[in-house]
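Now for the letters of each chain:
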Amino acid sequence: IRESATLTRDVLEQHFNDLKGTLKKLLDERLMSLLQEVDAIEQESIKPLDECQKLIEHGVSTADDLLREGESAVHGDVGQQNEKLCSFTKKALHIQLDSLPEVPSLVDVPCLSAQLDDCLLTILKNQIFRHGTVASCPPVQLEEFVEKPGGILVRWCKVDDDFIPQDYRLQYRKSTASHFEDVYVGLETEFIVLHIDPNVDYQFRVCARGDGRQEWSPWSVPQIGRTTLVPHEWTTGLEGYSLSSRRNIALRNDSQSCGVLYSKAPTYFCGQTLTFRQVLIETVGQPDRRDSLGVCVEQQNGYDSLQRDKAVCISTNGAVFVNGKEMTNQLPAVTSGSTVTFDMEVVQLGPSSNEGGNFKLRVTISSNNREVVFDWVLDQCCVSLYFGCSFSYPGWKVLVF
């Protein structure tokens, strides 16, 4: 409680300090804009009046000079009087002293004033008093972490019955990182976070967006999750396949070499779910009936398909093979974007099954919302298995997790 309260105080103080800085900046910008508008109106309106004043002052000055010249002619010497009067008369005829420039009427002359509406303060006051809330319980909380090879399945749930979610938002960060990052946004209430380092703590949190709302809800209580399972990896060095940097994606390349690509180690354990996600980039020719995805007891080189003994697999046309024999039940064909999952649980036959007797695994293979369930009988105890794939033509791309 104390930790979340301290964090909430820090968030509120930072937010309102940012708001104050932004509001001051906006008010300063608005003031500057209005002052510039006053300056522009003043300059535009005063210019014709200044010109009119200059003309009037010039006319008055000219008339004053002429008046003094006339007085000098009248009171001057008799010999020069006629000459001065003649000069005065010529100037008086050429100067229009009975006209004035057009002066704007009073109603046309601007009179500036500032119109300031006090209701802005009322509006701001009401908005500020309604801005922000403090929630004691977020509407969604993290519910469960399930270890996956190189990943964590994160589940969450809604704890507020009145809250109608439109989207969920899941974030995580490594224990040594300072910032969370988005890993999922959507309507699902669970998500497998991949690319997780084994035996490393990760912190998760989730929030939601209510129906018809833009803002996100408060974050859930952060929780720590980790996985102890090493990630699934394809083995390197097989000429017909190219691998991603994390070696969890295999691409059938243009090489003429063919064979089965196996996992680096028997990292699939009974009780887990093994998922193949198929991405068909391009296919040269038709898919071959020997193309397969599946699991096996051991790596056996020299085969060009998983349709063999001590292996269960599904071919790209949907046929299911157990120890090399095709079952009567069939699944939909594997195409671009298909997801195929394998689930197995141990069912022992006889009291001495761990000592070489019959050993049975109950296998569930799912593809495109359909599944087949069968028992796979082995002659030895086997709880960890290899996985593999085989494709005859280039362009097939498989992600395993």
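Residues numbered from 1 in each chain as written. Predicted model: local features only at pLDDT ≥ 70, side-chain atom pairs only at ≥ 80, totals over all residues. Heavy atoms only, no water.

- The name given to the chain in an unreviewed UniProt entry is Cytokine receptor-like factor 3, with the source organism recorded as Aptenodytes patagonicus.
- Of the chain, the UniProt comment under Sequence similarities (unreviewed entry) reads exactly: "Belongs to the cytokine receptor-like factor 3 family."
- Of the comments in the UniProt record for the chain, the one headed Subcellular location (unreviewed entry) reads "Cytoplasm". (UniProt positions renumbered as here; feature names shortened; annotations may be inferred.)

Structural notes on the confidence of the model for the chain
Then step 1. Taken over all residues, the pLDDT of the chain has a mean of 86, while the share at 70 or more is 92%.
Then step 2. For residues 352-356, every residue scores under 50 in pLDDT, and the model assigns this stretch seven contacts once sequence neighbours within four places are set aside. (pLDDT = per-residue confidence, 0-100. Contact = heavy atoms within 4.5 Å.)

Here we look at the UniProt feature "coiled-coil region" (unreviewed entry) in the chain
Then step 1. Per the UniProt record, the feature "coiled-coil region" (unreviewed entry) sits at residues 9-44.
Then step 2. When the span residues 9-44 is considered, its composition is 100% helix and 0% strand, and the gap between its end C-alpha atoms is 53 Å. (Helix = DSSP H or I, 4+ residues; strand = E, 2+ residues; numbered from the N terminus.)

Describing the sheet that holds strand β1 (residues 140-148)
Then step 1. Strand order across the open sheet formed by three strands is β1-β2-β5, with antiparallel pairing between neighbours. Looking at the sheet topology across the chains shown, the edges are occupied by β1 and β5 (190-194). Within the sheet, the average angular offset between the axes of one strand and its neighbour, ignoring direction, is 25 degrees.
Then step 2. Pairing geometry for strand β2 (residues 151-158) and β5, over five bridges, is antiparallel. By the bridge assignment for β5, arginine 155 is matched with glutamate 190. (Pairing = 2+ DSSP bridges. Axes fitted to C-alpha atoms, helices over the stretch in contact; angles between N-to-C directions.)

A few points about the pairing of strand β14 (residues 311-315)
Then step 1. Of all the five residues making up β14, five are buried; the element is thus mostly covered by neighbouring parts of the structure.
Then step 2. Neither face of β14 is open: one carries Ala311, Cys313 and Ser315, the other Val312 and Ile314, and all of them are buried.
Then step 3. In terms of strand pairing, strand β13 (residues 292-296) meets β14 through five bridges, oriented antiparallel. Paired with valine 295 across the bridge in β14 is valine 312. (Buried < 20%, exposed > 50% of the residue type's maximum accessible area, 1.4 Å probe, protein only.)

Observations concerning the side chain of glutamine 300
Then step 1. Among the secondary structure elements, glutamine 300 is positioned in the loop between β13 and β14.
Then step 2. Not counting the four nearest positions on each side in its chain, glutamine 300 is found in contact with Tyr262, Arg308 and Lys310.

Structural notes on the sheet that holds strand β7 (residues 223-225)
Then step 1. Taking strand neighbours across the sheet as the criterion, the four strands line up as β4-β3-β6-β7 in an open arrangement whose pairing is antiparallel. Bordering the open sheet on either side are β4 (181-186) and β7, each of which pairs with just one other strand. Sheet twist, expressed as the mean angle between neighbouring strand axes with direction ignored, is 30 degrees.
Then step 2. Inspection of the sheet shows strand β6 (residues 202-210) paired to β7 by three bridges, in the antiparallel sense.

Here we look at the packing of aromatic side chains
Then step 1. Across all of its chains, the model carries eleven aromatic pairs by this definition.
Then step 2. A centroid spacing of 5.9 Å and a plane angle of 20 degrees characterise the contact between tyrosine 172 and tyrosine 202, whose relative ring orientation is stacked. Taken together, the positions of tyrosine 172 in strand β3 (residues 165-174) and tyrosine 202 in strand β6 put the pair 30 residues apart, joining distant regions of the chain.
Then step 3. A relative accessible area of 13% means that tyrosine 172 is categorised as buried.
Then step 4. Of the residues examined, tyrosine 202 reaches a relative accessible area of 4% and is grouped as buried.
Then step 5. With a centroid separation of 5.9 Å and an interplanar angle of 85 degrees, the aromatic rings of phenylalanine 276 and phenylalanine 342 are classed as edge-to-face. With phenylalanine 276 in strand β12 (residues 273-280) and phenylalanine 342 in strand β17 (residues 339-348), the pair connects residues that are 66 residues apart, well separated along the chain. The exposure classification of phenylalanine 276 matches that of phenylalanine 342, with both residues buried.
Then step 6. Its end group placed over the ring of tyrosine 303, arginine 308 keeps NZ or CZ at 5.5 Å from the ring centre. (Phe/Tyr/Trp six-rings, centres within 6.5 Å; stacked < 30°, edge-to-face > 60°. Lys NZ or Arg CZ within 6 Å of the ring centre and 35° of its normal.)

A word on the UniProt feature "domain: Fibronectin type-III" (unreviewed entry) in the chain
Then step 1. As annotated by UniProt and renumbered to match this structure, "domain: Fibronectin type-III" (unreviewed entry) occupies residues 138-231.
Then step 2. Secondary structure content for residues 138-231 is 0% helix and 53% strand, and the end C-alpha separation is 33 Å.

Comments concerning the nonpolar core
Then step 1. Counting 36 residues, the largest nonpolar core has Phe276, Val295, Phe342, Met344 and Trp376 as the members making the most contacts within it.
Then step 2. Counting residues in each nonpolar core, the second largest holds 16 residues, with Phe163, Tyr184, Val193 and Ile196 among its members. (Core = buried A, V, L, I, M, F, W, Y, C linked by side-chain atoms within 4.5 Å.)

As for unusual backbone geometry
Then step 1. Of note, the phi angle at asparagine 323 is positive, near 55 degrees, even though the residue is not glycine.
Then step 2. Note on asparagine 323: relative accessible area 25%, which makes it partly exposed.
Then step 3. Backbone geometry places asparagine 369, a non-glycine residue, at a positive phi of 65 degrees.
Then step 4. Within the secondary structure layout, asparagine 369 lies in the loop between β18 (359-367) and β19 (370-378).
Then step 5. Overall, asparagine 369 belongs to the exposed group, its relative accessible area being 85%.

Some thoughts on the pairing of β18
Successive side chains on a regular strand alternate, one facing one side of the sheet and the next facing the other.
Then step 1. Counting buried residues in β18 gives eight out of nine residues, a clear majority hidden from the surface.
Then step 2. Pairing analysis gives nine bridges linking β17 to β18, with the strands arranged antiparallel. Pairing of threonine 341 across the sheet is with serine 366, part of β18.
Then step 3. Where β18 meets β19, nine bridges bridge the pair, whose relative direction is antiparallel.

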